[in-house]
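# Structural overview
The lines below spell out each chain.
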Amino acid sequence: MRVLLTGGAGFIGSHTAIVLIEHGHHVVVLDDLSNASEEAVRRASRLAGVDIPLAVGDAGDRELVGRTIAEHGIEAVIHFAGRKAVGESVAKPLEYYRVNLGSAIATLEAMAEHGVTRFVFSSSATVYEQPGELLAESAPVGIDLPNPYGRTKAMIEAIVADASTADPSLQAAVLRYFNPVGAHASGEIGEDPKGIPNNLMPFVAQVAAGVRERLRIFGDDYNTHDGTGVRDYIHVLDLAEGHVAALEKLEPGVLTVNLGTGAGGSVFDVLHAFEATVGRELPHEVVARRPGDAAVSTANPALAHERLDWRTTRTLADAVRDTWRWQERNPRGYAG
Ligand code: UDP
């Protein structure tokens, strides 16, 4: 299939591009490079052994999305584009609503104008109103969420559902990601956060590299096996394979599935896995809980297993090893 990846120069999009090509698909990337790098697309092209066309621009620009669809004979869209920093969304809610809702609507409109019916959307486990253990897709989703980022994802899920009701030819998959981590095993592409990382894995990687002084562990008094927060860390290549499976299984209507491992890792589990990989202790201190954090968030991945015939195969240790390879080889990310 000829597949357009909006936001395809980002962390998850660039890995998905490679896996799609490995499965025989043709990939075109549309990205405004506001939080991504052209170098990621160059390296993904090299790894995949084909030249991935990159259109630089905004997925909220309906004309541009339409032109890109027409120019490349696009048959499906995977919509990764959007703002993704939870904390920033609290400070800049209007920007998050404009960019995330705007790009999803413009992309769906451009698709409809050009008769493209296949749509895969990057949603998030943050849409669940009550985070917890082994969350199933039937758990309540709403807009009563702790931050605007999660609300944009829940709203776009509702938009996709409404678009599907109005146009029964739409074939959509909504993928609720848990915590994407890791990097391509080559060490050539990975997560390249701007400034101080908000997320645990890139932060620990920078502590291991000596870029940050120490990890601050946000609370060790949660009701979990070691008191620290537990998340479902999913290797980005497993996640990428989930997108390919979803694309290949599309049918009329909307299929909403969790993409997670079903296993929980604590902050200490991540820290200790990193220490085992680098062969030394890493400086850390326990500080107060981060406001809005849940104790536990893990996926029940049964529906994805059943409907997508997809399973994760990589462990937390694999993700840590791959993250470290990427970090060591690219101390300043794509900047060098
Ligand atoms: N965390 C931490 N220190 C950090 C960043 C994160 O202790 O510098 C913890 C956080 O409290 C949570 C887990 O690590 O329990 C994962 O946090 P992340 O921000 O990566 O993902 P999210 O909370 O969005 O699931």
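For the structure itself, consult the block above.
In this report, we go over the structure that sits alongside the text. Remember, it's a predicted structure, so these values are computed and weren't measured experimentally.

### With respect to the overall build of the protein chain
Counting secondary structure elements, the protein chain contains 11 helices and 14 strands. Relative to the globule expectation of 20 Å for 336 residues, the C-alpha radius of gyration of the protein chain, 19 Å, shows essentially globular dimensions. Projected onto its principal axes, the C-alpha positions of the protein chain cover 55 × 40 × 40 Å. Across the 336 residues in the protein chain, those meeting the buried criterion constitute 53%. For the protein chain, the computed accessible surface area is about 14,200 Å², with 49% contributed by carbon and sulfur atoms.

### Quick look at the sheet that holds strand β1 (residues 2-6)
Reading across from one edge, β3-β2-β1-β4-β5-β6-β11 is the order of the seven strands in this open sheet, with parallel pairing throughout. The sheet is open, and its two borders are formed by β3 (54-56) and β11 (253-259), each paired with just one other strand. Looking at each pair of strands side by side, their axes are set apart by 20 degrees on average, direction ignored. Relative to β3, strand β2 (residues 26-31) runs parallel, the two being bridged by three bridges. Residue D31 lies in a different strand from β3, and its bridge partner there is V56. Where helix α5 (residues 93-113) meets the sheet, its contacts fall on β1, β4 (76-79) and β5 (118-124), and the angle it forms with β4 comes to roughly 180 degrees.

### Here we look at the pattern of salt bridges
One pass over the full model with this rule turns up 19 salt bridges. A salt bridge links E251 to R307, with the nearest nitrogen and oxygen atoms 3.7 Å apart. In this pair, E251 is assigned in the loop between α8 (236-248) and β11 and R307 in helix α10 (residues 302-308), connecting sequence segments 56 residues apart. Using a relative accessible area of 46% as the deciding quantity, one classes E251 as partly exposed. The class of R307 is partly exposed, set by a relative accessible area of 35%. D322 is the salt-bridge partner of R325, the closest N and O atoms lying 2.9 Å from each other. Residue R325 and its partner D322 are both found in helix α11 (residues 316-329); the two are separated by three residues, about one turn of the helix. Via salt bridges that share partners, E38, E39, R42 and R43 belong to a single interconnected network.

### Description of the environment of P197
With respect to the secondary-structure elements, P197 resides in the loop between β7 (179-181) and α7 (200-208). C-alpha of P197 to C-alpha of R212: the two residues are 15 residues apart in sequence and 10.0 Å apart in space. Residues within four places of P197 in sequence aside, it is in contact with P202, F203, Q206 and R212.

### Focus on the site of the ligand
Close to the ligand lie 14 residues, the nearest being L200, R216, R231, R290 and D293. Here the ligand, which alone exposes 520 Å², has 88% of that area covered by the protein. Looking at the shell around the ligand, the element that brings in the most residues is strand β8 (residues 215-218), giving four residues. Looking at side-chain class alone, the shell around the ligand contains six nonpolar, four polar and four charged residues.

### A word on the pairing of β1
Of all five residues making up β1, four are buried, and the element is well covered by its neighbours. Note: β1 against β2, five bridges, orientation parallel. Bridge assignment links V3 to a residue of β2, and that residue is V27. A crossover connection joins β1 to the parallel β2 through helix α1 (residues 11-22); in handedness this β-α-β unit is right-handed.

### A closer look at a negative patch on the surface
A cluster of acidic residues, D32, D58, D61 and E63, forms a negative patch on the protein surface. Note on placement: D58 falls in the loop between β3 and α3 (62-72). Given the relative accessible area of 40%, D58 is considered partly exposed.

### Digging into the packing of aromatic side chains
One pass over the full model with this rule turns up two aromatic pairs. For the ring pair F274 and W324, a centre distance of 6.2 Å and an interplane angle of 80 degrees mean the geometry is edge-to-face. Of the two residues, F274 is situated in helix α9 (residues 267-278) and W324 in helix α11; the sequence distance between them amounts to 50 residues. Side by side, F274 and W324 carry an identical accessibility label, which is buried. Geometrically, the ring pair formed by W326 and Y334 is tilted, given 5.0 Å between the ring centres and 55 degrees between the ring planes. Taken individually, W326 and Y334 each receive the classification buried, so the pair is uniform in this respect. Between the NZ or CZ atom of R289 and the centre of the ring of Y222, over which it lies, the distance is 3.9 Å.

### Describing the environment of L303
Among the secondary structure elements, L303 is positioned in helix α10. Separated by 44 residues in sequence, L303 and L259 place their C-alpha atoms 9.4 Å apart. Other than its neighbours up to four places away in sequence, L303 contacts E137, T256, V257 and L308.

### Let's talk about the sheet that holds strand β14 (residues 296-297)
Spatially, the three strands line up as an open sheet ordered β12-β9-β14, and their pairing is mixed. On the outer flanks of this sheet lie β12 (265-266) and β14, each paired with one strand and no other. In this sheet, β14 lies alongside strand β9 (residues 230-231) in parallel orientation, the contact comprising two bridges. Bridge assignment links R231 to a residue of β14, and that residue is S297.

Rules of the game
- Residues numbered from 1 in each chain as written.
- Predicted model: local features only at pLDDT ≥ 70, side-chain atom pairs only at ≥ 80, totals over all residues.
- Heavy atoms only, no water.
- Helix = DSSP H or I, 4+ residues; strand = E, 2+ residues; numbered from the N terminus.
- Rg over C-alpha atoms; globule rule 2.2 N^0.38 Å.
- Buried < 20%, exposed > 50% of the residue type's maximum accessible area, 1.4 Å probe, protein only.
- Areas by Shrake-Rupley, 256 points an atom, 1.4 Å probe, with all protein chains shown as cover.
- Pairing = 2+ DSSP bridges.
- Axes fitted to C-alpha atoms, helices over the stretch in contact; angles between N-to-C directions.
- Contact = heavy atoms within 4.5 Å.
- Salt bridge = Lys/Arg side-chain N within 4 Å of Asp/Glu carboxyl O.
- Near = heavy atom within 4 Å.
- Nonpolar A, V, L, I, M, F, W, Y, C, P; charged D, E, K, R; others polar.
- Right-handed = clockwise from strand over helix to strand, strands pointing away.
- Patch = residues over 30% accessible without salt bridge, like charges linked within 9 Å, V, L, I, M, F, W, Y side chains within 5 Å.
- Lys, Arg positive; Asp, Glu negative; His and termini not counted.
- Charge placed at Lys NZ, Arg CZ, Asp CG, Glu CD.
- Phe/Tyr/Trp six-rings, centres within 6.5 Å; stacked < 30°, edge-to-face > 60°.
- Lys NZ or Arg CZ within 6 Å of the ring centre and 35° of its normal.

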